[in-house]
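Chain and residue survey
Chain by chain, the residues run as shown.
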Amino acid sequence: MADDNFDVVIIGGGPGGYNAAVRAGQLGLKAAIVESRGTLGGTCLNVGCMPSKALLHASELFEAAGHEFSTIGIEVPAPKLNLVQMMKAKQDSVTALTKGVEFLMKKNKVTYYAGFGKIAGAGKVVVTGNDGTTSNLTTKNIVIATGSEPTPLPGVDVDQKQIVDSTGALSLPAVPKSLVVVGAGIIGLELGSVWRRLGAQVTVVEFLDRITPGMDTEVATAFQKTLTKQGFSFKLGTKVTAAKTGAKGVELTLEPAAGGAQEKLNADVVLVAIGRRPFTQGLGLETVGVETDKRGFIPTNHFKTSAPGVWAIGDVILGPMLAHKAEEDAVACIELIAGKAGHVDYNLVPSVVYTSPEVSWVGQTEDQVKASGVAYKTGKFPFTANSRAKINHETDGFVKFIADAKTDKVLGVHMMGPQVGEMIGEACVLMAFSGASEDLARICHPHPTRSEAVRQAAMGVENWTMQM
C-alpha cells in the first residue's frame with residue numbers, strides 16, 4: 001500500500017482505541033486504527049455497555065407496564081414479551097452506534113484497517129485483514145488498546161447456549177425459567193436484572209461474603225436488600241467447582257468458599273460473570289520486549305511501556321476496567337505523544353451500576369477512608385425524603401458524602417437511587433476542584449429534582465440537612 005506510514009497506529013477499536021484515533025486526528029497526527037471484530041466500538045458498543053443498557057431499558061419498561069402502571073392510574077392489558085423484536089431493537093441501536101464511530105474515523109482522517117494487528121518489531125505492525133489481505137504498517141508510535149475479555153471459570157466451560165458469558169447473555173433466544181449468575185459484580189447484576197424482569201428466577205452465587213466488591217459496604221448492603229426485595233436470591237461465600245450440562249439444563253456443584261460439604265444447584269442457564277482479563281494474546285509483544293505481569297496487565301509509566309514508541313491504554317493496563325477510564329487514557333496518551341501534558345486521576349473515575357435503582361460512586365469508600373486513619377465526617381440523605389423521588393415512587397436508596405473532618409474536602413460520594421448514574425458527574429466536578437461539602441451544599445439546585453438529594457447529603461456533613 002502506498003499510504004502505510006503513520007505517526008501512530010492504534011491496535012484496538014474500542015472506547016480507548018477510537019477515542020485515541022479521534023484525538024490523534026484532532027492534533028494533526030497521521031493515524032491508523034486496527035480492529036479485528038469487523039465493526040468499531042469494541043466490547044462496549046458491540047457486546048457490552050451499549051447492548052446491555054438497551055436491554056436494561058427495555059426490560060425496565062416491560063416490568064413497569066406489568067406491575068407499576070396500574071398503581072398510578074394507567075390501565076393497560078398485561079404486556080406480552082416479543083423477545084425477537086427486543087433483540088432487534090438492541091441490535092439496531094448497536095449498529096447505528098458502530099457506524100457512527102466509523103464516521104468519526106473518516107471525519108478525523110483516520111485510516112481504518114479491519115483485521116488483526118500484530119507488532120512485528122519496533123515501529124512495525126502487520127495487519128492480517130478480515131478479507132485475507134496483509135498490510136505492513138510503519139509508524140513512530142504504537143498504541144495497544146485491545147481491551148479485555150471475560151475471565152473463564154475453571155471447571156465451567158462456556159458454550160454460549162446453556163452456560164454463557166456476558167456476550168451470550170445479551171442474546172439468549174428465550175427467557176430461561178431459572179438463571180444462575182456466577183459472580184455478584186456489576187456485569188452479573190445488570191444482566192441478571194434484565195432476565196429477572198423478563199421472567200427468570202435469578203440466583204447469584206458469589207465467592208466473597210458480599211456483593212459488588214469495590215462498592216462502599218453500607219451501600220452494597222442496602223443494594224443487596226433492594227435486589228432481594230425485587231426477587232434475586234443470593235448464595236454468598238460460595239464457590240462453583242463444576243458444571244454439567246444436559247437435556248434438563250445445567251447442574252452446578254457448589255461448596256462453601258471456606259471449605260465444607262458440597263451441594264447441587266440446577267438452572268436452565270448459567271451466566272459466568274466473575275470479571276474480565278486483559279486481552280494481549282498474539283499481539284507480538286515479545287518482538288519489542290514487552291512483558292505482562294502475572295495477571296496479564298502491561299506495565300506502563302504514563303502509558304509508556306518498556307519499549308520505546310510503544311504505549312498501552314484502557315483495560316490492558318492497571319486501573320478501573322471501564323470504558324470511560326479507557327477514554328481518559330486515550331486522550332492523555334495521545335496528548336503525550338503529541339508533546340502535550342497528559343494526565344488521568346484514577347481516584348476520580350466514577351463507577352455506575354445500571355440496575356434499578358442505579359448505584360454510582362466516585363472517590364474513596366468509607367472503609368478506605370477509615371483504614372487511612374484520616375478523621376472524617378459523613379452526610380446522608382434518603383430518597384424517601386426527596387420530593388421528586390417520592391412522587392415518582394422511586395424511593396429506594398440514599399446519597400452519602402464522606403469529607404475530611406478538618407478541611408471539609410470531599411473524599412468520596414456514593415449514591416443508590418433513581419438515575420444516580422447521571423448525578424454522580426456533579427460529585428466528580430466538585431472533587432476535581434478539591435471542593436468541600438459546603439461548596440456543594442451552598443449551590444442552588446432546581447426543585448423538584450432528584451439532584452436535591454445530593455445537596456441535602458452535602459448539607460448533612462455539617463448537620464444542617466433541611467428536608468428531613
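Residues numbered from 1 in each chain as written. Predicted model: local features only at pLDDT ≥ 70, side-chain atom pairs only at ≥ 80, totals over all residues. Heavy atoms only, no water.

**Thoughts on the packing of helix α1 (residues 15-26) against helix α4 (residues 83-107)**
For any two helices packed against each other, one specifies the crossing angle of their axes together with the interaxial distance. For the pair α1 and α4, interaxial distance at closest approach is 9 Å and the crossing angle is 25°. When the axis of α1 is compared with that of α4, the two are roughly parallel. Relative to α4, the crossing made by α1 is left-handed. Of α4, the residues touching α1 (which contributes Tyr-18, Ala-21 and Val-22) are Val-101, Leu-104 and Met-105. Counted by class, the contact of α1 with α4 contains 6 nonpolar, no polar and no charged residues. (Axes fitted to C-alpha atoms, helices over the stretch in contact; angles between N-to-C directions. Helix = DSSP H or I, 4+ residues; strand = E, 2+ residues; numbered from the N terminus. Parallel < 35°, antiparallel > 145°, perpendicular 65-115°, else oblique. Left-handed = near helix turned anticlockwise from the far one by under 90°. Contact = heavy atoms within 4.5 Å. Nonpolar A, V, L, I, M, F, W, Y, C, P; charged D, E, K, R; others polar.)

**Some remarks on unusual backbone geometry**
That bond from Ser-356 to Pro-357 is cis: its omega, 5°, falls within 30 degrees of zero. Each neighbour pair has its own omega, and for His-447 with Pro-448 the value is -5°, a cis peptide bond. You can see Pro-448 is positioned in the loop between α12 (437-441) and α13 (452-460). The backbone phi angle of Phe-303 is positive, close to 75°, even though this residue is not glycine. Position of Phe-303 among the secondary structure elements: in the loop between β15 (276-278) and β16 (310-312). Accessibility expressed as a relative area gives 6% for Phe-303, which makes it buried. Of note in the backbone geometry, Gln-419 takes a positive phi value of approximately 60° without being a glycine. One can find Gln-419 in the loop between β21 (410-417) and α11 (420-432). For Gln-419, a relative accessible area of 43% gives the class partly exposed. (Buried < 20%, exposed > 50% of the residue type's maximum accessible area, 1.4 Å probe, protein only.)

**Considering the pairing of strand β5 (residues 134-144)**
Of the strand pairs in this sheet, strand β1 (residues 5-11) and β5 are connected by 6 bridges, and their pairing is parallel. Bridging from a neighbouring strand, Phe-6 pairs with Thr-139 of β5. In this structure, strand β4 (residues 124-129) lies alongside β5, joined through 5 bridges in antiparallel fashion. Paired with Val-126 across the strands is Asn-136, a residue of β5. Between β4 and β5, which pair antiparallel one after the other, the connecting turn spans 4 residues, and Gly-132 there sits at a positive phi close to 95°. (Pairing = 2+ DSSP bridges.)

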